[in-house]
Amino acid sequence: MSLADTRHVATSVPNDLESLWLPFTANRAFKKAPRLIARARNMHYFTTDGRAVLDGAAGLWCCNAGHNRDPIVEAIRRQAAELDYAPAFQFCHPRAFELANRITALAPGDLDHVFFCNSGSEAVDSALKIALAYHNVRGHGSRFRLIGRERGYHGVGFGGISVGGIVNNRKFFGSLLAGVDHLSHTYNREQQAFTKAGPPGARISPTSSTASSGCRTRPPSRPSSSSRWRVRPACCRRPEVTSSGCARSATSTASC
Ligand SMILES: Cc1ncc(COP(=O)(O)O)c(C=O)c1O
């Protein structure tokens, strides 16, 4: 369908916008001048008044294969006609195993197990729980510390906002997860280039040495005789370090 074919498509604007809360949105301002998307095709959204909007962000990074594409529409239609939902506790559907096998075949190294979730926030909270449970069942229950990065975004679940480094996302929600520290961020306005190998673009900002919990994350410029600077880097080199945080030993906990 061409752009011209879809311009006439428009749904009516609801007469009451009150009930629905939108996330990360100034709701009052939005409701005064709502931006409503009625439909989409390939790389365009179409607003309720028929304007085409180029979807440069692929949804919120989740429609990377394009919108409303025939093969995808057909696959969704076929699946809904066969089975719309299977309970996930004590039951499963064969295709879930097929998909997990395909993902592990694509994934590098020994990333060979899959746990499905419905959103990034849920995935992050699940990953944190899996990391903690992993140490617990191995008899290392004292390794419960989680380390994120200042400015990091890990969704909006309690675990994600605790380990995430966006203060605005957590300031209204009390004490959150205990035992979280943050490393300094990698944002550098002068050197905003991305490099695969690290310097000069992506690197830890040398100016930020204090984590948001008040825990130092970089050694002082002069060598210290205190054991804490020897303990922390060692913990972060351990193989258990995960991308959203690492569970650290009780020894390093005491060093904060
Ligand atoms: C690293 C990371 N964690 C969590 C999320 C949250 O995902 P969702 O919006 O699906 O909850 C995102 C979303 O961009 C993300 O990039």
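Anything mentioned here points back to the structure above.
Predicted, not measured: the structure shown is a model, and the values here were computed from it. (Residues numbered from 1 in each chain as written. Predicted model: local features only at pLDDT ≥ 70, side-chain atom pairs only at ≥ 80, totals over all residues. Heavy atoms only, no water.)

**Q** Which residues make up the side chain of arginine 170, and what values do they have?
**A** In this fold, arginine 170 is placed in the loop between helix H7 (158–163) and strand E5 (180–183). Within the local environment of arginine 170, its side chain forms a polar contact with the side chain of histidine 182, the two groups lying 3.5 Å apart. (Helix = DSSP H or I, 4+ residues; strand = E, 2+ residues; numbered from the N terminus. Polar contact = N/O pair within 3.5 Å; in protein donor to acceptor, adjacent residues only side chain to side chain.)

**Q** Any chance you could break down the environment of arginine 51 for me, citing the residues and the numbers?
**A** Along the chain, arginine 51 turns up in the loop between strand E2 (44–47) and strand E3 (52–54). The spacing of arginine 51 and isoleucine 37 is 14 residues in sequence and 9.2 Å in space, taken between C-alpha atoms. Ignoring sequence-local partners within four residues, the contact set of arginine 51 consists of Tyr45 and Phe46. (Contact = heavy atoms within 4.5 Å.)

**Q** With reference to specific residues and values, describe the packing of aromatic side chains.
**A** Across all of its chains, the model carries two aromatic pairs by this definition. Between phenylalanine 24 and tyrosine 153 the ring centres are 6.4 Å apart and the planes differ by 75 degrees, which places this aromatic pair in the edge-to-face class. With phenylalanine 24 in the loop between helix H1 (3–6) and helix H2 (27–32) and tyrosine 153 in the loop between strand E4 (146–149) and H7, the pair connects residues that are 129 residues apart, well separated along the chain. Overall, the relative accessible area of 61% leaves phenylalanine 24 in the exposed class. (Phe/Tyr/Trp six-rings, centres within 6.5 Å; stacked < 30°, edge-to-face > 60°. Buried < 20%, exposed > 50% of the residue type's maximum accessible area, 1.4 Å probe, protein only.)

**Q** Can you lay out the sheet that holds E3 for me, pointing to particular residues and giving the numbers?
**A** What links the strands of a sheet is backbone hydrogen bonding, and the strands pair in either a parallel or an antiparallel sense. Read across the sheet, three strands follow the order E1-E2-E3 without closing on themselves; strand pairing throughout is antiparallel. The sheet terminates laterally at strand E1 (37–41) and E3, the two strands that pair on one side only. Between one strand axis and the next, the sheet turns by 30 degrees as a mean value, whatever way the strands run. (Pairing = 2+ DSSP bridges. Axes fitted to C-alpha atoms, helices over the stretch in contact; angles between N-to-C directions.)

**Q** Can you break down the pairing of E4 residue by residue, with the values?
**A** Sheet topology places E4 next to E5; four bridges connect them, and they run parallel. Across the sheet, arginine 149 pairs through a bridge with leucine 183, a residue of E5. Once you follow E4 into H7 and on to E5, the crossover reads as right-handed. (Right-handed = clockwise from strand over helix to strand, strands pointing away.)

**Q** Could you give me a rundown of the layout of surface pockets, with the residues and numbers involved?
**A** For the largest pocket, the calculated volume is near 1,100 Å³. The wall of the largest pocket is formed by 30 residues, among which Ala88, Cys92, His93, Ala96 and Phe116 lie closest to the centre. Going through the elements one at a time, helix H4 (70–82) and helix H5 (94–106) are the ones with two or more residues in the lining of the largest pocket. No other element matches the nine residues that H5 contributes to the lining of the largest pocket. (1 Å grid on protein atoms, 1.4 Å probe; cavity = no way out; pocket = protein on both sides within 12 Å on 5 of 7 lines; lining within 4 Å. Points joined across faces, edges and corners; volume = space filled by probe spheres on them.)

Honestly, it's all geometry; don't read function into it.
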